[in-house]
Amino acid sequence: MADIDYLQGLQRHMTCYAGQRWLAQPLVAGIERAGTPQACYSPLDAGLLLGQVVEAGVDDVAAAYVAAQSAQPDWAALPASQRAQRLLQLADLLQQQQAELLALLLLEGGKALPDAVAELREAIDYCRWYAQQACRQFAEPQALEGVVGESNLLYWRGRGVLVCISPWNFPLAIFVGQMTAALVAGNAVLAKPSRATCLIAARVVELAHQAGIPPDVLHLLPGSGAGLSDALLQHPALAGVVFTGSAEVAKHIQRQLAARDGAIVPLIAETSGLNAMIADSSAHLEQLVQDALTSAFNSAGQRCSALRVLCLQDEIADQVIEMLRAALMTWQVGDVRDIANDIGPLISASALQQLSGYAAELRGTWRAQLPLPDDLPPGHYFAPRIIEISRDDWPRQEAFGPILQIVRWPQGSLSELLDFINQTGYGLTLALHSRLPSHVALLQQKARAGNLYVNRNQIGAVVGSQPFGGEGRSGTGPKAGGPHYLQRFAVERVISINTAAIGGTPELFKDA
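Residues numbered from 1 in each chain as written. Predicted model: local features only at pLDDT ≥ 70, side-chain atom pairs only at ≥ 80, totals over all residues. Heavy atoms only, no water.

Colleague: Kindly report on the overall build of the protein chain, identifying the contributing residues and their values.
Modeller: The number of helices and strands found in the protein chain is 14 helices and 22 strands. With the C-alpha coordinates aligned to their principal axes, the bounding extent of the protein chain is approximately 80 × 55 × 50 Å. Among the 512 residues that make up the protein chain, the fraction classed as buried is 56%. Pairs at least 24 residues apart make up 76% of the contacts formed inside the protein chain by residues separated by at least 6 positions. Accessible area of the protein chain: about 21,400 Å², with a carbon and sulfur share of 51%. Across the protein chain, the 36 positively charged side chains and the 47 negatively charged ones have centroids separated by 3 Å. (Helix = DSSP H or I, 4+ residues; strand = E, 2+ residues; numbered from the N terminus. Buried < 20%, exposed > 50% of the residue type's maximum accessible area, 1.4 Å probe, protein only. Contact = heavy atoms within 4.5 Å. Areas by Shrake-Rupley, 256 points an atom, 1.4 Å probe, with all protein chains shown as cover. Lys, Arg positive; Asp, Glu negative; His and termini not counted. Charge placed at Lys NZ, Arg CZ, Asp CG, Glu CD.)

Quick look at the structure:
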């Protein structure tokens, strides 16, 4: 992004897709399923037609389950290295198609180009990381200890048919991360992307099939509604669900799975957070202000990891608030096809309506609001804003958008503040700006959050380095992009063999 020649070349390639019309429709065993197409418009401009979406029906789900259940055993029987190779090929194709994918992230997802580039990198990282981990963990059985004359081996097999339900706020990275983890562990996948970002998902599935992932192993089922959800979650062949989204929807899925007859299937969920950032009087204020604004307002605040409540020690609160106000005024909201704009739209008209209603009910003192330009296109734009509230008005649920709430706390009460944050029940991200080792140690000791960040922003976790996922109301674990994630997608099996039954004990003669 800092190389102007490269950046201009990339933008020229992206403009080739400015007038393209994409199509997303159910793809079952490689066959496009018919249906009534619905127009898909950009959140950047409500009049900008991007393509059409055909929603999947109950019959499409049933057909996908039949094909996936039949194909999964052969896919699982492949060596892990062969499944991993398909992921590496997909990573290369994602890289080769970067101009189109970045254009889609801007046009359908409303992402600013730096955020889109980071998301594409994350998707590619998932492919390569999970390929590497599968070869390490699943390639050979693990020999376990036992008595002489006995062989005990632990090995992994895919669970069966998994349903992957991905969100609109990371329509490329999370969609790719879910499905590649499930596939490389030996499962067949029914992928249901968010209705708001089906075009990106459809293009990725095309590339996955091109990379050698069998069409009868990976199926695309775009759409929404209770009927589609029930068909996906109630089918007897379902072996597990991977979900990223709100805590409320995750609880609904959990209840549906618990009510099923038959096998108990896992729910691997990453859900919302009421994420806080704490700053004490030792914080470096310029760094704090930059990290707070980035965490709160990048991607228009539409990240599950985004900062929602900034907790400022009394001694620095007034100064930091003024610095935040001044710094925010240097940002710009607008159509992110223009790289000069920092913050794009919300994903939909309903999201804009909900966030506007939430803002109208907030109690506190408004400290800053970034004005919207007069020449905005008719998209779903919301003015980023900062409000100071009391501890008693701490939010009870996540508001998905660019609203930063500020709470003050007195010196000496960090431990009590951490207890209060823990009691909210959310545990996704938590940040601390401090140069006191004792405060860093206290954070690590007391905080119940999946990802802790010290003296940096709290968004943009890197695959392999910062495995991502919460606890409590913020997810089940294990962490996406971490060393233990794939194991949740497989079952453990152990085979014990009495080797002495063949008339000897072979291991005694290895060195003879």
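Colleague: An account of the environment of Glu315 is requested, with residue identities and associated values reported.
Modeller: Note that Glu315 resides in helix α11 (residues 314-328). Residues Glu315 and Gln411 lie 96 residues apart in sequence; the distance between their C-alpha atoms is 8.0 Å. Apart from residues lying up to four places away in sequence, Glu315 is in contact with Ser281 and Gln411. Polar side-chain contacts of Glu315 include one of 2.9 Å to the side chain of Gln313. (Polar contact = N/O pair within 3.5 Å; in protein donor to acceptor, adjacent residues only side chain to side chain.)

Colleague: How would you explain the side chain of Asn451 if you had to name every residue and give the values?
Modeller: Looking at where Asn451 falls in the secondary structure, it is placed in strand β20 (residues 451-454). Taking the relative accessible area as the measure of exposure, Asn451 reaches 6% and is therefore buried. With residues near it in sequence (within four places) discarded, Asn451 still touches Leu428, Thr429, Leu430, Gln466, Pro467, Phe468, Gly469 and Lys479.

Colleague: Outline the nonpolar core, listing residues and values.
Modeller: The biggest cluster of nonpolar side chains holds 173 residues, and the ones touching the most others in it are Leu94, Tyr130, Ile278, Leu288 and Leu310. Sorting elements by how many residues they give to this core places helix α5 (residues 113-138) first, with 12 residues. (Core = buried A, V, L, I, M, F, W, Y, C linked by side-chain atoms within 4.5 Å.)

Colleague: For the packing of helix α4 (residues 98-107) against α5, give the residues involved together with the corresponding values.
Modeller: The geometry of α4 relative to α5 is characterised by a closest axis approach of 9 Å and an angle of 125 degrees between their N-to-C directions. In terms of orientation, α4 and α5 fall into the oblique class. Viewed along their axes, α4 and α5 form a crossing whose handedness is right-handed. Side by side, α4 and α5 meet where Gln98, Leu101, Leu102, Leu105 and Leu106 of the first sit next to Leu113, Ala116, Val117, Glu119 and Leu120 of the second. Each residue belonging to the contact of α4 with α5 can be placed in one class, and the counts come to eight nonpolar, one polar and one charged. (Axes fitted to C-alpha atoms, helices over the stretch in contact; angles between N-to-C directions. Parallel < 35°, antiparallel > 145°, perpendicular 65-115°, else oblique. Left-handed = near helix turned anticlockwise from the far one by under 90°. Nonpolar A, V, L, I, M, F, W, Y, C, P; charged D, E, K, R; others polar.)

Colleague: Kindly report on the environment of Cys40, identifying the contributing residues and their values.
Modeller: Topologically, Cys40 is positioned in strand β4 (residues 37-41). A sequence separation of 157 residues divides Cys40 from Thr197, and the C-alpha atoms of the two residues are 9.1 Å apart. In this structure, Cys40 is in contact with Leu48, Leu49, Leu50, Gly51, Gln52, Val53, Glu108 and Leu199, ignoring residues within four places of it in sequence.

Colleague: Give me the lowdown on the pairing of strand β8 (residues 161-165), citing residues and values where you can.
Modeller: By the criterion of burial, β8 is predominantly enclosed, with five of the five residues buried. As defined by bridge partners, β8 adjoins strand β9 (residues 188-192) across five bridges and the pair is classed as parallel. Bridge assignment links Val161 to a residue of β9, and that residue is Ala188. Bridge count for β8 against strand β11 (residues 238-244) is five bridges, and the pairing is parallel. Looking across to β11, one finds that Ile165 is bridged to Phe243. (Pairing = 2+ DSSP bridges.)

Colleague: Kindly report on helix α10 (residues 285-297), identifying the contributing residues and their values.
Modeller: The end-to-end C-alpha distance of α10, which contains 13 residues, comes to 18 Å, matching closely the 18 Å that a straight helix rising 1.5 Å per residue would cover. Counting buried positions along α10 gives 10 out of 13 residues, so the element sits mostly inside the fold. All of the buried residues along α10 are Leu285, Leu288, Val289, Asp291, Ala292, Leu293, Thr294, Ser295, Ala296 and Phe297. Tucked into the core, α10 has its buried residues touching β13 (275-279), β14 (307-313), α11, β16 (385-388), β17 (403-409) and β19 (429-433). Residue Ser299 follows α10 closely and has a positive phi angle near 60 degrees. (Expected span 1.5 Å × (residues − 1).)

Colleague: Give me the sheet that holds β4: which residues, what numbers.
Modeller: Ordered in space as β1-β5-β4, the three strands form an open sheet in which the pairing is mixed. Each end of this open sheet is capped by a strand with a single partner; those strands are β1 (22-24) and β4. Put simply, the sheet's adjacent strands are angled 25 degrees from each other on average, direction ignored. Across the sheet, helix α7 (residues 198-210) touches β1, β4 and β5 (49-54), and the angle it forms with β1 is around 85 degrees.

Colleague: Which residues make up the packing of aromatic side chains, and what values do they have?
Modeller: Both the distance between ring centres and the angle between the ring planes are used here to describe each pair of aromatic rings. Summed over all chains, the structure comprises seven aromatic pairs. The interplanar angle of 20 degrees and the centroid separation of 5.6 Å between the aromatic rings of Tyr130 and Tyr485 together place this pair among those described as stacked. Here the residue Tyr130 occupies a position in helix α5, and Tyr485 occupies one in the loop between β21 (471-472) and β22 (490-498), the gap between them amounting to 355 residues. Among the residues examined, Tyr130 registers a relative accessible area of 0% and is labelled buried. Between the aromatic rings of Tyr485 and Phe489, the centroid separation amounts to 4.9 Å while the plane-to-plane angle is 65 degrees, which identifies the pairing as edge-to-face. Accessibility classification places Tyr485 together with Phe489 in one group, the buried group. Pairwise contacts between aromatic rings join Tyr126, Tyr130, Tyr485 and Phe489 into one cluster. The cationic tip of Lys111 hangs over the ring face of Phe170; the distance from NZ or CZ to the ring centre is 4.1 Å. We note Arg385 situated over the ring of Trp366; from NZ or CZ to the ring centre the distance is 5.9 Å. (Phe/Tyr/Trp six-rings, centres within 6.5 Å; stacked < 30°, edge-to-face > 60°. Lys NZ or Arg CZ within 6 Å of the ring centre and 35° of its normal.)

Colleague: Lay out the pattern of salt bridges in plain terms, naming residues and giving numbers.
Modeller: Within this structure, the stated rule accounts for 17 salt bridges. Here Arg33 ties to Asp60 by a salt bridge, and the two come within 2.6 Å at their closest N and O atoms. Within this pair, whereas Arg33 is found in the loop between β3 (31-32) and β4, its partner Asp60 is found in helix α2 (residues 58-77), the two being separated by 27 residues in sequence. Where Asp419 meets Lys446, a salt bridge forms, and the shortest distance between an N and an O atom there is 2.8 Å. Taken together, the positions of Asp419 in helix α13 (residues 414-423) and Lys446 in helix α14 (residues 437-446) put the pair 27 residues apart, joining distant regions of the chain. (Salt bridge = Lys/Arg side-chain N within 4 Å of Asp/Glu carboxyl O.)

Colleague: Give a description of the packing of helix α1 (residues 4-15) against α4 that names residues and reports values.
Modeller: In the contact formed by α1 and α4, the axes pass within 8 Å of each other and the chain directions differ by 75 degrees. Overall, the two elements α1 and α4 adopt an arrangement that is roughly perpendicular. Packed against α1, whose contacting residues are Tyr6, Leu10, His13 and Met14, the element α4 presents Gln98, Ala99, Leu102, Ala103 and Leu106 at the interface. Across the contact of α1 with α4, the residue classes tally to seven nonpolar, two polar and no charged.

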